[in-house]
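# A closer look at the structure
Residues per chain are reported as follows:
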Amino acid sequence: MDDKALEAVLFDISQLLLARGEMLATAESCTGGLIAAACTDLAGSSQWFERGFVTYSNAAKTELLDVPAALIDTHGAVSEPVARAMAEGALARSAAQASVAVTGVAGPTGGSADKPVGTVWLAWCVDGRTHSALHHFPGDRAAVRAATVRLALRQLAHLLRE
């Protein structure tokens with residue numbers, strides 16, 4: 001997805017959220033705020049973008065999003081339960097009605113046999129339901145982060161349209 005396609009997805013998200021009278025919150029780990037930055041690159045985003053949480057450390061996930069430390073200890077920060085808890089925590093800690101969360105291993109270090117570099121868990125809360133997906137993105141750190149942003153937003157638009 002190039003910049004024009006990303007712009008089109010963001011415009012679609014903006015129109016869908018505005019039509020619903022809803023706001024978006026993001027909870028990001030491996031992308032470090034890139035999803036929030038992409039959203040706020042669109043003029044007028046203050047009408048539909050409520051806030052972004054950059055919760056890079058495990059402590060931040062617990063303190064800012066109320067992700068249980070035991071969940072992180074049991075499953076690891078890069079896991080489906082943590083991604084889902086991040087998305088749900090973003091809603092609970094904001095005035096938003098929709099959220100997207102990402103946690104992953106962008107590299108070049110930090111990977112393991114179970115969770116190699118490029119492993120990313122994404123989660124979305126839309127219409128009171130939490131959805132999640134695991135993806136393995138190829139490439140270097142920048143490529144993994146960019147692909148995560150694109151997928152997170154593309155799937156958010158899809159869920160808002162359902």
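A brief structural summary. (Residues numbered from 1 in each chain as written. Predicted model: local features only at pLDDT ≥ 70, side-chain atom pairs only at ≥ 80, totals over all residues. Heavy atoms only, no water.)

## What to know about the environment of Gly-33
- Tracing the sequence through the fold places Gly-33 in the loop between strand 1 (24–28) and helix 2 (34–40).
- Those residues in contact with Gly-33, other than ones at most four positions away along the chain, are Glu-28 and Val-54. (Helix = DSSP H or I, 4+ residues; strand = E, 2+ residues; numbered from the N terminus. Contact = heavy atoms within 4.5 Å.)

## A closer look at the pairing of strand 4 (residues 119–126)
- A large share of strand 4 lies buried, amounting to 8 of its 8 residues.
- Here strand 3 (residues 98–104) pairs with strand 4 via 6 bridges, running antiparallel. Paired with Thr-103 across the two strands is Trp-121, which belongs to strand 4.
- As paired elements, strand 4 and strand 5 (residues 129–136) share 8 bridges and run antiparallel to each other. Within the sheet, the bridge partner assigned to Trp-121 lies in strand 5 and is Leu-134.
- Counted between consecutive antiparallel strands, the loop separating strand 4 from strand 5 contains 2 residues, among which Asp-127 sits at a positive phi close to 55°. (Buried < 20%, exposed > 50% of the residue type's maximum accessible area, 1.4 Å probe, protein only. Pairing = 2+ DSSP bridges.)

## Overview of the pattern of salt bridges
- Following the criterion strictly, the structure yields 5 salt bridges and no others.
- A salt bridge links Asp-12 to Arg-161; the shortest N-O distance between them is 2.3 Å. Placement of Asp-12 in helix 1 (residues 3–20) and of Arg-161 in helix 6 (residues 141–161) is noted, with a sequence separation of 149 residues between them.
- Under the relative-accessibility criterion, Asp-12 is labelled partly exposed at 24%.
- A salt bridge links Asp-127 to Arg-20; the nearest nitrogen and oxygen atoms lie 2.7 Å apart. Remark: Arg-20 occurs in helix 1 and Asp-127 occurs in the loop between strand 4 and strand 5; sequence separation between them is 107 residues.
- Within the structure, one salt-bridge network assembled from shared partners comprises Arg-20, Glu-22 and Asp-127. (Salt bridge = Lys/Arg side-chain N within 4 Å of Asp/Glu carboxyl O.)

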